[in-house]
Amino acid sequence: QVQLVESGGGLVQAGGSLRLSCAASGRTFDGYTMGWFRQAPGKEREFVGTIRWSSGSTYYADSVKGRFTISRDNAKNTVFLQMNSLKPEDTAVYYCAARRGTPSPRHVEYEYWGQGTQVTVSS
């Protein structure tokens, strides 16, 4: 059974940094894309970025490009989201997700989801 468990969320001041982790288990993820999404209260789930498990290639939403970085540690089956220069508008629940195949910004195309971790950025 596939499990994705996020951690690392919290409260940070604007301009600060946080690193989220997503521990993946239950299968091998070669051929999978790992995605990060976020959802603020009253808003739709928003694409943040992806990383291909095998190649490590990444793709980001324009809203986070240059500030956020996705990486993975194959040995630990963990994906990271490094968030720098955080803004109040980055406040949301952040989710890790996985899909078989190529990157997609559409959350409905992801098969597996974590439970989410809250990130709050104060002004």
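Scroll up a little and you will see the structure.
### Structural notes on the sheet that holds strand S1 (residues 3-7)
Here is step 1 of the chain: Pairing in this open sheet of 4 strands is antiparallel, and the strands run S1-S3-S8-S7 from one edge to the other. Where the open sheet ends on each side, the last strands, each with one partner, are S1 and strand S7 (68-73). Adjacent strand axes in the sheet meet at a mean angle of 15 degrees, parallel and antiparallel pairs treated alike.
Here is step 2 of the chain: Sheet topology note: the S1/strand S3 (residues 18-25) ladder contains 5 bridges and is antiparallel. Its bridge partner being in S3, Glu6 is matched across the sheet by Cys22.

### Concerning the packing of aromatic side chains
Here is step 1 of the chain: All chains considered together, the criterion is met by 9 aromatic pairs.
Here is step 2 of the chain: An aromatic cluster is built from Phe37, Phe47, Tyr59, Tyr95, Tyr110 and Trp113, whose rings are joined through pairwise contacts.
Here is step 3 of the chain: The lysine or arginine in question, Arg19, covers the ring of Phe80, its NZ or CZ lying 4.1 Å from the ring centre.
Here is step 4 of the chain: If you follow Arg99 out to its NZ or CZ, it ends over the ring of Tyr110, 5.9 Å from the centre.

### Some details on the state of the cysteines
Working definition of a disulfide: a covalent bond connecting the sulfur atoms of two cysteines.
Here is step 1 of the chain: For the structure shown, the criterion picks out 1 disulfide.
Here is step 2 of the chain: The side chain of Cys22 participates in a disulfide bridge whose partner is Cys96; the two sulfur atoms lie 2.1 Å from each other. Disulfide Cys22-Cys96: torsion about the S-S bond near -70 degrees, hence left-handed. Within this pair, whereas Cys22 is found in strand S3, its partner Cys96 is found in strand S9 (residues 92-100), the two being separated by 74 residues in sequence.

### Things to note about the nonpolar core
Here is step 1 of the chain: Among the nonpolar cores identified, the biggest contains 34 residues, and Phe29, Met34, Trp36, Leu81, Met83 and Tyr94 are the most heavily contacted of them.
Here is step 2 of the chain: Elements with a contribution of two residues or more to this core: S3, strand S4 (32-39), strand S5 (46-52), S7, strand S8 (78-83), S9 and strand S11 (117-122).
Here is step 3 of the chain: It is S9 that provides the largest number of residues to this core, a total of 5 residues.
Here is step 4 of the chain: If near-sequence neighbours (up to four positions away) are discounted, Tyr94 is found in contact with Glu6, Leu20, Phe37, Arg38, Val48, Phe68, Leu81, Met83, Gly116, Thr117 and Val119.

### Considering the environment of Thr120
Here is step 1 of the chain: Topologically, Thr120 is positioned in strand S11.
Here is step 2 of the chain: For Thr120, a relative accessible area of 30% translates into the label partly exposed.
Here is step 3 of the chain: Between the alpha carbons of Thr120 and Gln82 there is a distance of 15 Å; along the sequence they are 38 residues apart.
Here is step 4 of the chain: Leaving out residues up to four positions away in the same chain, Thr120 has contacts with Gly10, Leu11, Val12 and Thr91.

Parameters and conventions
- Residues numbered from 1 in each chain as written.
- Predicted model: local features only at pLDDT ≥ 70, side-chain atom pairs only at ≥ 80, totals over all residues.
- Heavy atoms only, no water.
- Pairing = 2+ DSSP bridges.
- Helix = DSSP H or I, 4+ residues; strand = E, 2+ residues; numbered from the N terminus.
- Axes fitted to C-alpha atoms, helices over the stretch in contact; angles between N-to-C directions.
- Phe/Tyr/Trp six-rings, centres within 6.5 Å; stacked < 30°, edge-to-face > 60°.
- Lys NZ or Arg CZ within 6 Å of the ring centre and 35° of its normal.
- Disulfide = S-S within 2.5 Å.
- Core = buried A, V, L, I, M, F, W, Y, C linked by side-chain atoms within 4.5 Å.
- Buried < 20%, exposed > 50% of the residue type's maximum accessible area, 1.4 Å probe, protein only.
- Contact = heavy atoms within 4.5 Å.

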